Amino acid sequence: MRKMVIGGNWKMHLGTSEEANTMLNQLIPLVKEVKKVDIIIFPPFTALYSLSFLKNTNIKLGAQNMYFKDEGAFTGEISPQFLKPLGCDHVILGHSERRTIFKETDELINNKVKKALHSSLKPIVCIGENLEERKKGKTMDVIKFQFQNTFKGLSKEEMRNIIIAYEPIWAIGTGETATPEQAEEVHVSIRELLSKKYDKDTSEAVRIQYGGSIKPDNAKELFSQDNIDGGLVGGASLEAESFSKIIIAAQMISK
Ligand code: PGA
């Protein structure tokens, strides 16, 4: 049985310690009874230091990105070694905004995934097609290509420590969600890729989140799909009430 996992990707919002603390102090009481869902928030780097108190709660902390070296002349980059002492145990890698705006390649993401795993950080790795690719019927080709290249050279033990986030780019921040059926179809195909590359057990063990315009009113239907193990939430994770409703929807579906 896979445990549901809900991530709150704050992107470039709530980056001061005051903003982040205010939001979390509202969220903590709303979700304190939630036990069947892994809750992880991904604030901007600048807020991480002030959030180490989360270790006494059921909310885990993660980073939105990292570089694949421990230290060196990499101006503006963040090492996994800086993240661990702050209490981070997860990191988002390969988000479509990193891929498109900052031109991150599958090769770079693959290096980051390996480095995160070697640094005991659990990666949430995002894959997904854009609108043009979907319209041309190329969704599965894109997913397969990203899957092969982003997870190149990983053992099945390593793969089990990864959470995959299927995030169709056309659904991110647009208000246009993939239908539960559209999302489930891709999730099933990702499981087939896992099964082919590794084995059935690995394919059944890896958690696959959906991401893209998840809101309190569509969360339940999405999470009810057999192969959707929670979500990576952007906009609706910035506000305690909407984020807590999404978390509680996942809790209610958990067996
Ligand atoms: P959204 O973002 O929920 O605002 O669409 C999701 C994401 O980019 O992870």
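Residues numbered from 1 in each chain as written. Predicted model: local features only at pLDDT ≥ 70, side-chain atom pairs only at ≥ 80, totals over all residues. Heavy atoms only, no water.

### Describing unusual backbone geometry
Thought 1: One non-glycine residue with positive phi stands out, namely Leu14, at about 50°.
Thought 2: By secondary structure assignment, the location of Leu14 is in the loop between strand S1 (4–9) and helix H1 (17–31).
Thought 3: For Leu14, a relative accessible area of 19% puts it in the buried group.
Thought 4: The residue Lys103 is not glycine, and still its phi comes out positive at about 55°.
Thought 5: For Lys103, the location among the structural elements is in the loop between helix H4 (96–100) and helix H5 (106–118).
Thought 6: Lys103 sits in the exposed class, given a relative accessible area of 63%. (Helix = DSSP H or I, 4+ residues; strand = E, 2+ residues; numbered from the N terminus. Buried < 20%, exposed > 50% of the residue type's maximum accessible area, 1.4 Å probe, protein only.)

### Here's the deal with the packing of aromatic side chains
Thought 1: Overall, the coordinates contain 4 aromatic pairs when judged by the stated rule.
Thought 2: Judged by centre distance (5.3 Å) and plane angle (80°), the rings of Phe147 and Phe151 are edge-to-face.
Thought 3: Take Phe151: its relative accessible area is 0%, and that puts it in the buried class.
Thought 4: Members of the aromatic cluster, each reached through a chain of ring pairs, are Tyr67, Phe68 and Phe74.
Thought 5: Its end group placed over the ring of Phe102, Arg98 keeps NZ or CZ at 4.2 Å from the ring centre. (Phe/Tyr/Trp six-rings, centres within 6.5 Å; stacked < 30°, edge-to-face > 60°. Lys NZ or Arg CZ within 6 Å of the ring centre and 35° of its normal.)

### Observations regarding the site of the ligand
Thought 1: Lining the immediate environment of the ligand, one finds 13 residues, of which Lys11, His95, Glu167, Gly173 and Ser213 sit closest.
Thought 2: If the ligand stood free it would expose 280 Å²; the protein chains cover 97% of that surface.
Thought 3: When its residues are assigned to classes, the shell around the ligand shows 4 nonpolar, 7 polar and 2 charged. (Near = heavy atom within 4 Å. Areas by Shrake-Rupley, 256 points an atom, 1.4 Å probe, with all protein chains shown as cover. Nonpolar A, V, L, I, M, F, W, Y, C, P; charged D, E, K, R; others polar.)

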